[in-house]
Amino acid sequence: MSQITHELLDRAAGTILGCAVGDALGAGYEFEGPRDPATVTMRPGNLTGRPPGKWTDDTEMTLGVLMAQADGASLLDDGIVAVASNFLTWFDSRPPDVGNQTRQILRQCTRPDEMLEVAEKFQELSPNAAGNGSLMRTGTVALSYLGNDHLLSEAAKRVSRLTHPHIDAQEACVLWTLAIDRGVRGVGSWRTNMNHALATLPEERGQLWLNRLTEAESVHLGELRPNGWVVRALQAAWRSIVATASDSAADHLHEAMQFAVGIGDDTDTISAIAGAYLGGHYGASELRPDWTEQLGGWPDGLGSNDLRSLAEQAVRKSS
Ligand SMILES: [Mg+2]
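Residues numbered from 1 in each chain as written. Predicted model: local features only at pLDDT ≥ 70, side-chain atom pairs only at ≥ 80, totals over all residues. Heavy atoms only, no water.

Details of the nonpolar core
- Membership of the largest hydrophobic core comes to 107 residues, with the highest contact counts inside it found for Met115, Trp176, Met194, Trp238 and Tyr277.
- Per element, the largest residue contribution to this core is 11 residues, and it comes from helix α1 (residues 6–27).
- Contact partners of tryptophan 176, with chain neighbours within four places excluded, come to Leu135, Thr138, Met194, Leu234, Ala237, Trp238, Ile241, Ile273 and Tyr277. (Core = buried A, V, L, I, M, F, W, Y, C linked by side-chain atoms within 4.5 Å. Buried < 20%, exposed > 50% of the residue type's maximum accessible area, 1.4 Å probe, protein only. Helix = DSSP H or I, 4+ residues; strand = E, 2+ residues; numbered from the N terminus. Contact = heavy atoms within 4.5 Å.)

Encoded structure:
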């Protein structure tokens, strides 16, 4: 565990607020086609009908994990039931925007302690199903065991398995979580942190993901749509990060989220994934205040200050 400094807490909040800003930014363009990133701004949610700046399921499910973490739940033991319980409470609130795979799992669960098993059975019947719904909410997992690759990997895989047990979904969450952890601790660059994460996978799998990331850096943008598949979603988010690299932290952070929306299709999720990554690297204080001030959503109309407090509580409970 790193020493808890003001900067570390700002970056921890940054992974949550980056997710929320990216999510809210993309919500105005969900399932639309490609567009010029420079024109992307906060608009009303076109699936949710919510006002500009309101987050969707990507942040809501992140909060399902984060609230359990802030309460001190361990993601590696029974604390996972607290996460599953938050997911079911959220699902019962009839959110307008729920991913297909997540909906199929949650509607079959009558109790939170059966979610892992329900998801496993779903995967047996649909062996190729690998949506992006666990990657979109994984940034917060990094705050659980800061600096401990082994425990973070196990936690990332376990939280993914609640709804997305496919190996690609689990490993995507591991890569993002481990790279974000290093960003939050102020170790390495956004690129070297991904190299570190890749090296923790079994050799063949690490090579496979390296090839996928390398491909994403130069492929025609049209190849990154549709992006509901977790591999394509990670590639689209990575491309957004690489394509907008800048010496200015604030420019990189915002332009990456705008680029992600500009790719098109699952805009809120790709932008949330990119925002969680770079928000954790640069910190919440780099985010545009006029965008963070507009943030809000389930549960109970939380806003940016609540997200910041929850992130700080999660870090203080981190072991
Ligand atoms: Mg969404």
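Don't stop here, the text continues.
Focus: the packing of helix α8 (residues 190–199) against helix α9 (residues 203–218)
- Viewed as axis vectors pointing N to C, α8 and α9 meet at an angle of 150 degrees, and their least axial separation amounts to 9 Å. In terms of axis orientation, α8 runs roughly antiparallel to α9. Residues Arg191, Met194 and Leu198 of α8 lie in contact with α9, whose contacting residues are Gly206, Trp209, Leu210, Leu213 and Glu217.
- Looking at side-chain class alone, the contact of α8 with α9 contains five nonpolar, one polar and two charged residues. (Axes fitted to C-alpha atoms, helices over the stretch in contact; angles between N-to-C directions. Parallel < 35°, antiparallel > 145°, perpendicular 65-115°, else oblique. Nonpolar A, V, L, I, M, F, W, Y, C, P; charged D, E, K, R; others polar.)

Structural notes on the environment of glutamine 3
- With respect to the helices and strands, glutamine 3 occurs in the segment before α1.
- The spacing of glutamine 3 and arginine 185 is 182 residues in sequence and 8.8 Å in space, taken between C-alpha atoms.

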